[in-house]
Amino acid sequence: MYTAKQRQQEAQKVTLVGSLLDAVLGVTKIFVGLFSHSHALIADGVHSLSDLATDFMVVLILRVSHQEPDEDHPWGHARFETAGTVMLGALLIAVAGAMAYNSVGLIFSGESLLIPEWPTLVVAALSIVSKEWIYRYTLAAGKRLKSDLIIANAWHSRSDAFSSIVVLIGIAGAMLGWTWLDALTAVLVALLIAKIGWDLTWKSIKELVDTALPEPQVRELEQAVQDVDGVISVHSLKTRLMGGQSLLEMHIQVESHLSASEGHYIGDTAVRILKTRFDDIGDVIFHIDTYNDDQRLYCDTLPLRAEVEEALRAALTELHPQLKWEKLALYYIKARIELELNFDSAELARCGLGGNEVQQALREKLQPYYWYASLSLWLTPSNA
């Protein structure tokens, strides 16, 4: 598990290593291409240098996306990483389109080009090996950090390796007289690069519009919460992704007579288990229910505590003007309210009343109220 700062530092390290390699390869390809008569190698060098721009874009986006939440972005800045992935995916598609366009143009141009010399083959081969290494290095880091942006940049590096393969085949074909082979292979590689760019872009777009996690993963998360002791059911579970982390919102139903603190602790326990079992869980918002509110088993017009207390005081005043309860618990269950009252036994004795007498009288006086379900009376020993 990485902290946000460690994740940012690791991602920047990977990106800067790739930037250095792109700079060296770009300059070398252009230099050797100019002096060894390979237009393809020159173009490949320009492609490598263009990767520098995307590398700088990645570093900039990573700096923004790992900033702490602020007033304007209370959920954090992780979506900047997702937006950056969309841009990189679109750039892959654009690069693929440019490669395909140029290659098709060469097929029908009929131009006669100078035959490349052997140093171009060596540089193209070195480029393939170098870019494949940086692709694997960056991809492993992206998966380890769960960063689609780093993964997108890895595939961008591999697109450079693919173009170097095209250059290698094209140069070899040109040396053997098969000049058309360069352009045809470039078109096929461009289609593959476009496919990679589309997959990355579409995945990030789905994240930006809050698409839910896959159904099997949602069911696994739901079952993990359901297995927590004290949880009756899990409903209204909503999921989404943000910057490689899963964000969850859910309603957790517990037994109706639990205290608010116990119900909330059950919810906290569920969150702790989720974050222990699944390492991609980010924020979890839960609502504790004492009923399944998806089924609307409640009444929108039930009174709050003040109105219930007013009815109770009126009933008690008729029994004895000085009679007061110690504690009142309200349970809103199936469109009615169940009441639990605690009285000091000595207080009742001073008023000349017994527990059963008070309980029966209150039940009769509260019966006409539409919200009344039941009343239980408990006596506590006197502190005197």
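Structural data are supplied above this passage.
The following paragraphs examine the structure supplied in this document. (Residues numbered from 1 in each chain as written. Predicted model: local features only at pLDDT ≥ 70, side-chain atom pairs only at ≥ 80, totals over all residues. Heavy atoms only, no water.)

A look at the overall build of the protein
Secondary structure summary: the protein contains 11 helices and six strands in total. About 20,400 Å² of surface is accessible on the protein, with carbon and sulfur atoms providing 61% of the total. (Helix = DSSP H or I, 4+ residues; strand = E, 2+ residues; numbered from the N terminus. Areas by Shrake-Rupley, 256 points an atom, 1.4 Å probe, with all protein chains shown as cover.)

Regarding a nonpolar patch on the surface
A cluster of nonpolar side chains, contributed by Ile-93, Trp-198, Trp-202, Ile-205, Leu-208 and Val-209, occupies part of the molecular surface with about 550 Å² of accessible area. Ranked by the residues each element gives to the nonpolar patch, the list is headed by helix α6 (residues 180-208), at four residues. Note that Trp-198 resides in helix α6. Among the residues examined, Trp-198 registers a relative accessible area of 46% and is labelled partly exposed. (Patch = residues over 30% accessible without salt bridge, like charges linked within 9 Å, V, L, I, M, F, W, Y side chains within 5 Å. Salt bridge = Lys/Arg side-chain N within 4 Å of Asp/Glu carboxyl O. Buried < 20%, exposed > 50% of the residue type's maximum accessible area, 1.4 Å probe, protein only.)

Observations concerning the sheet that holds strand β6 (residues 372-380)
One open sheet accounts for three strands, arranged β4-β5-β6; its pairing is mixed. Since the sheet does not close on itself, it has two edges, and those belong to β4 (327-333) and β6, each with one partner. Neighbour to neighbour, the strand axes of the sheet diverge by 15 degrees on average, direction disregarded. Bridge count for β4 against strand β5 (residues 336-344) is seven bridges, and the pairing is antiparallel. (Pairing = 2+ DSSP bridges. Axes fitted to C-alpha atoms, helices over the stretch in contact; angles between N-to-C directions.)

Points about the sheet that holds strand β3 (residues 281-289)
Here we have three strands laid out as an open sheet, ordered β1-β2-β3, and mixed in their pairing. A strand with exactly one partner marks an edge of an open sheet, and here the two such strands are β1 (233-242) and β3. On average, each strand axis in the sheet is tilted by 15 degrees relative to the strand beside it, whichever way the strands run. The strands touched by helix α7 (residues 215-226) within the sheet are β1, β2 (245-253) and β3, with β1 carrying the most contacts at an inclination of about 130 degrees. Lying over the sheet, helix α8 (residues 260-277) contacts β2 and β3, oriented at roughly 155 degrees with respect to β3. (Contact = heavy atoms within 4.5 Å.)

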